[in-house]
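Working through the structure, step by step
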Amino acid sequence: MEGKHQEKGLIIVYTGEGKGKTTAALGLALRAAGYKQKVLIIQFGKIWFSGEVVAVKKLKPFVELRQEGKGFVGILGDRQPKSEHRKAARSAFADLEKEMVSGKWDVVIADEVIGTVSAGLLPESFLLRLITAKPAKMDLVLTGHHASAKLINKADLVTEMLPVKHPFTKGILAKRGIDY
Ligand code: ATP
Ligand code: MG
């Protein structure tokens, strides 16, 4: 059961307005780690603490998580110029691309990279280029709001999270262990 299966790697997209994109990607990482697959998670746009940052350390050396980017864009007290966000997004993307083509990883997760594109911090052509450069057997997971038709067209598996209900609308704020 060790190592990576030999099949073609998939392009997986978790998108939509409902909750569950990041946690679906983390669940997939957990499952892959069970087969000793090597998983890299790069979180775009998150710089605050979330439980997974500590939890994945317990999955060493199979899972590694890097938080890059500069946090929320234009909301929740963000005062950074867009140029700073753009710079951080570009540098996170460069890291992602370099790691992806290195051949070191069985699974690469670019969490919130789609949101980074829909926020105008990265051109969509970068994502399409990333998909083209994907090593054949590696699985690539992309998450975030507003996946474009082009991206959906290139992906093998697309799940759209639909917000049927969210406690936020009842005034229940983010909960430790559930939301972060
Ligand atoms: P999670 O990280 O819980 O899997 P997500 O990745 O789908 O959620 P993001 O858009 O990355 O969602 O936003 C993360 C935060 O926003 C989480 O705290 C989540 O609970 C919250 N959130 C997600 N969807 C909604 C929604 N429809 N209404 C309000 N808050 C939401
Ligand atoms: Mg998320």
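Residues numbered from 1 in each chain as written. Chains lettered and ligands numbered in written order. Predicted model: local features only at pLDDT ≥ 70, side-chain atom pairs only at ≥ 80, totals over all residues. Heavy atoms only, no water.

**Description of the sheet that holds strand β2 (residues 39–43)**
The test is simple: DSSP bridges decide pairing: two strands pair if at least two such bridges lie between them. Here a helix means four or more residues in a row that DSSP labels H or I, a strand means two or more in a row labelled E, and each is numbered from the N terminus. Each axis is a line fitted through C-alpha atoms, taken for helices only over the stretch in contact, and angles between the N-to-C directions span 0 to 180 degrees. Any two residues having at least one pair of non-hydrogen atoms within 4.5 Å are treated as being in contact.
Strand order in the open sheet made by the 6 strands is β3-β2-β4-β5-β1-β6, with parallel pairing throughout. Of all strands in the sheet, those with a lone pairing partner are β3 (63–67) and β6 (157–161), marking the two edges. Between one strand axis and the next, the sheet turns by 10° as a mean value, whatever way the strands run. Taken together, the 5 bridges between strand β1 (residues 11–16) and β6 define a ladder with parallel strand orientation. Note that in β6 the partner of T15 across the bridge is E160. Each of β1, β2, β3, β4 (107–111), β5 (139–143) and β6 touches helix α1 (residues 21–33); the most contacted strand, β1, lies at about 150° to it.

**Here we look at empty space enclosed by the protein**
Rule in force here: Of the two site types, the cavity is a set of points on a 1 Å grid over the protein atoms alone where a 1.4 Å probe fits but cannot get out, and the pocket is an open set with protein on both sides within 12 Å along at least five of seven lines, each lined by residues with an atom within 4 Å of a point. Grid points are joined across faces, edges and corners, and a volume is the space filled by probe spheres set on the points. Under this grouping Gly is polar, as are all residues other than the nonpolar Ala, Val, Leu, Ile, Met, Phe, Trp, Tyr, Cys and Pro and the charged Asp, Glu, Lys and Arg.
In the structure shown here, the tally under the stated rule is 1 cavity of 30 Å³ or more. A volume near 30 Å³ is recorded for the largest cavity. What lines the largest cavity is simply T22, A25, L26, I41, Q43, I109 and D111. Mapped by element, the contributors of at least two residues to the lining of the largest cavity are α1, β2 and β4. A total of 3 residues in the lining of the largest cavity trace back to one element, the largest contributor, which is α1. Looking at the lining of the largest cavity, its residues break down into 4 nonpolar, 2 polar and 1 charged.

**Here we look at α1**
Going by this rule: By this rule, a helix spans an expected 1.5 Å times one less than how many residues it contains. Here's how the labels work: a residue is buried when its accessible area is under 20% of the maximum for its type, exposed when over 50%, partly exposed in between, all with a 1.4 Å probe on protein chains only. It is the directions from the helix axis to the C-beta atoms whose arc is reported.
The terminal C-alpha atoms of α1, which comprises 13 residues, lie 19 Å apart, in line with the 18 Å expected from a rise of 1.5 Å per residue. Of the residues making up α1, those classed as buried are K21, T22, A25, L26, A29, A32 and A33. Taken around the axis of α1, the buried residues stretch over an arc of 135°, which confines them to a single face. For α1, the exposed residues set more than 90 degrees away from the buried face come down to L30 and R31.

By themselves, these observations are geometric and do not establish any function.
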